[in-house]
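# Understanding the architecture of this molecule
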Amino acid sequence: MAHVALGSLRREAASQILNKAEPLFISRSEAFKFAVGDTITLPCEVASPGTYVLAWKRGIAILTAGPTKVTPDPRLRLVNGYTLQIRDAVPQDAGDYSCQIAMLDPREITHHVEILVPPKITHVTSGGHLQVRKGSPVRLECSATGNPMPNITWTRKNNLLPNGEEQFTNPVYVIENMDRHKGGTYICTANNGVGQVATSQIILHVLYPPEISVENPIVYSGEGQEAMLVCIVHGESQPEVLWHKDTMQIDQTERHVIENRGARHTLIIRKVHPQDFGNYSCIADNQLGKTRKTVTLTGKPKTAVFRSVPNSQWKDKYNISWIVDSHSPIEEFKLYYRLVDGETIPTHDGIFLDNRKIHHSYAGDNMLDYNRKINSYDSYSYNNGYHNLHHKWSKTDWRDIVLPAVPYSHHYTQGMSYMIRGLEPDQQYEARVQSRNRYGWSDFSESFLFTTSNTDTEIRDLSVTHYSSSRASVVFASEIRCLLGALTLITLCRLGSF
């Protein structure tokens, strides 16, 4: 009987051993990324753990054994069974964590933890302040830490980078040949996609000798007027600025007022005298050098501006007009014109050649020899260099005509109208003009292009526009005196209002 009972117990034990399942991991080994400050959660779910002990390890250090926490780290605990949780992650928490089933042949899964660290800038060149001389190269450096390693991007506060780009990505930014325009605040930004970007700045201060630009290189004025000469001066360190006329330094007086507002340095000359006209210099001096710029104060006329329409109503003549600003009355004009393209034809009477420029002259009130016809190609004798026998001239040569300013005008803005005759039909011409008052000739005007018509258009009404500094009034010509001469018709009008 006892033998039967023993056999029954052995069979029952064998059955229990065969029916007992071994523990299996439901969780799999994984790689996790957590940002600094996050809560690390590492799963360890096991099927049929039985009486086996589950332990968490990091390297050889045991963190938990069964439900018992072994590590003294207060941030660590087990939740929902055997899930390991670590609060307030720090970079030092990165590494491998293993969940192990304590068996004769231990089984385990291992989780890899990476801690993402926001960027932090650790170094910038010269601690963020840098002085450099003009012409020197500059190397700006910016170092940062973080995980993953941050990208470094350079920008410039309220401006583009010297190479014209908005930004440049590299820990090092090199600027060649420094000048004052490349100075300013350079910002380095570190970004790795974790948390907030990190920024730092370098204030780049350029040391350079004075640099001067003049507001107007030529200042036009007149007797009794006020003239303002302006120099814009930059320099580090701040330059001292003095004004000179020729070689004589100008001091502050009742008529000479010297002002300084920031980089703007102004010399004001009140009640201009004729002897005030000339060249003035603003001279700027600092520890790195001395610079000067010249401003000319003149009583000459300004450059004339053409006002006529570019297309003529006639095929062989063109009424050209212009205005000019002058503080003194204009005494005469010199009109230049030429065909843009043409052939060589004989010289006309009343013209002489001077360096391929054809000149019409007048003496006193006798304006040219107007009895000659423009289309008469006369043979005439050489006399004191003014005439060449049977000389040929190109239609593309410049021809200049000196015109007295009639009527004499004291208006600031003065005008002139002139009829050019003997032109080719359907051709383009180029014109320029100079003006002269008691102080001399103005600069040349800009080139003006006009075109003759291929047919004449009848004009029924004639009017003259009179320009002044305050108004332009159109008046009918009450009397027209026309003087005809070689190549030209000049219309002189006594103007009357209506």
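Fair warning: this is a prediction, and the values are worked out from it, not measured in the lab.

Rules used in this analysis
- Residues numbered from 1 in each chain as written.
- Predicted model: local features only at pLDDT ≥ 70, side-chain atom pairs only at ≥ 80, totals over all residues.
- Heavy atoms only, no water.
- Core = buried A, V, L, I, M, F, W, Y, C linked by side-chain atoms within 4.5 Å.
- Buried < 20%, exposed > 50% of the residue type's maximum accessible area, 1.4 Å probe, protein only.
- Helix = DSSP H or I, 4+ residues; strand = E, 2+ residues; numbered from the N terminus.
- Contact = heavy atoms within 4.5 Å.
- Salt bridge = Lys/Arg side-chain N within 4 Å of Asp/Glu carboxyl O.

Residues Ile320, Trp322, Phe333, Leu335 and Phe450 are the most contacted members of the largest nonpolar core, which totals 23 residues. Where this core is concerned, the elements lending two or more residues are strand 28 (317-325), strand 29 (332-339), strand 34 (398-404), strand 35 (413-421), strand 36 (428-437) and strand 38 (448-451). Sequence-distant contacts of Ile320, that is, excluding residues within four places in its chain, are made with Phe306, Ser308, Leu335, Met416, Ser417, Tyr418, Ile420, Ala431, Phe448 and Phe450. Counting residues in each nonpolar core, the second largest holds 22 residues, with Tyr173, Met178, Leu204 and Tyr208 among its members.

In the segment running from Asn147 into Pro148, the intervening peptide bond is cis, with an omega of 0°. Position of Pro148 among the secondary structure elements: in the loop between strand 13 (138-147) and strand 14 (151-156). The omega angle of the peptide bond from Glu236 to Ser237 is 5°, so this bond is cis rather than trans. Relative to the helices and strands, Ser237 resides in the loop between strand 20 (227-236) and strand 21 (240-245). Despite not being glycine, Ser126 shows a phi value in the positive range, around 55°. Among the secondary structure elements, Ser126 is positioned in the loop between strand 11 (107-124) and strand 12 (129-133). Using a relative accessible area of 44% as the deciding quantity, one classes Ser126 as partly exposed. Positive phi outside glycine occurs at Asp246, with the angle close to 55°. Of note, Asp246 is situated in the loop between strand 21 and strand 22 (248-249).

Moving on, we get to the pattern of salt bridges. The final tally for this structure, using the stated rule, is 15 salt bridges. For Arg436, the salt bridge goes to Glu331, with nearest N and O atoms at 2.8 Å. Remark: Glu331 occurs in the loop between strand 28 and strand 29 and Arg436 occurs in strand 36; sequence separation between them is 105 residues. Judged by relative accessible area, Arg436 falls into the partly exposed class, the value being 22%.

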